[in-house]
Amino acid sequence: YASGGVAFGSVRYDATSTVTVAASAWTNGQATLSVSGITTASTVILGYPVSTTAADYEIMRAADIRVIGQAAGSITIEALGTVPTSDLTFQITRW
């Protein structure tokens, strides 16, 4: 792909990166993360890195986190459940 994207089956994605969300980054159940290459038109998937511990996975599961917005260079996430009180690392894939 001319943009440097990678094919996965019939789906092309441009980049996968990891971002750590500090426990202090949450305000009213939301946090905004800086993610290089994100645009308002990007499709974004928020996931867990392979290195996620069982304890962190349980925190993420209890938080029930979803992407609620995006802008050039950032996404905003929301915890529908328990807001995390520890730093967590997420994997973000965009295309």
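Everything that follows concerns the structure shown earlier in this document.
(A) View of the environment of Ile 45. Turning to its location among the elements, Ile 45 is positioned in strand β5 (residues 44–47). Note on Ile 45: relative accessible area 40%, which makes it partly exposed. On a C-alpha basis, the gap between Ile 45 and Ile 92 in space is 5.7 Å, while along the polypeptide they are 47 residues apart.

(B) Local environment of the pairing of strand β7 (residues 74–79). When you tally the buried positions in β7, you get 6 out of 6 residues, the bulk of the element. Along β7, one buried face is formed by Ser 74, Thr 76 and Glu 78 and the opposite face, lined by Ile 75, Ile 77 and Ala 79, is buried too. Both strand β4 (residues 30–34) and β7 contribute to a ladder of 5 bridges, which runs antiparallel. Within β7, the position partnered with Ser 34 by the bridge is Ser 74. Where strand β6 (residues 65–71) lies against β7, 6 bridges are found, and the strand directions are antiparallel. Residue pairing in the sheet places Val 67 in a bridge with Ile 77 of β7.

(C) Region of the structure containing the nonpolar core. Among the nonpolar cores identified, the biggest contains 17 residues, and Leu 33, Ile 75 and Ile 77 are the most heavily contacted of them. Residue assignment for this core shows that the elements contributing at least two residues are β3 (15–21), β4, α1 (54–63), β7 and β8 (88–94). Discounting chain neighbours no more than four positions away, the residues touching Ile 77 are Val 21, Trp 26, Gly 29, Gln 30, Ala 31, Leu 33, Leu 46, Ile 65, Arg 66, Val 67, Ile 68 and Phe 90.

Thresholds applied
The numbering scheme is per chain: residues are counted from 1 as the chain's sequence reads. For this predicted model, a pLDDT threshold of at least 70 governs which residues receive local features, and a threshold of 80 or more governs which side-chain atom pairs are given and counted, while totals over whole chains, interfaces and linings are taken from all residues. In computing side-chain values, all of the structure's heavy atoms are included and hydrogens and water are not. Every helix listed is a DSSP run of H or I at least four residues long, and every strand listed is a run of E at least two residues long, numbered separately from the N terminus. Residue burial is assigned from relative accessible area. The probe radius is 1.4 Å, only protein chains are included, and a residue is buried under 20% of its type maximum, exposed over 50%, and partly exposed in between. For two strands to be treated as a pair, DSSP must find at least two bridges joining them. Residue types Ala, Val, Leu, Ile, Met, Phe, Trp, Tyr and Cys, when buried and joined through side-chain atoms within 4.5 Å, form a set referred to as a nonpolar core. Throughout, a contact is declared for two residues whenever any of their heavy atoms are within 4.5 Å.

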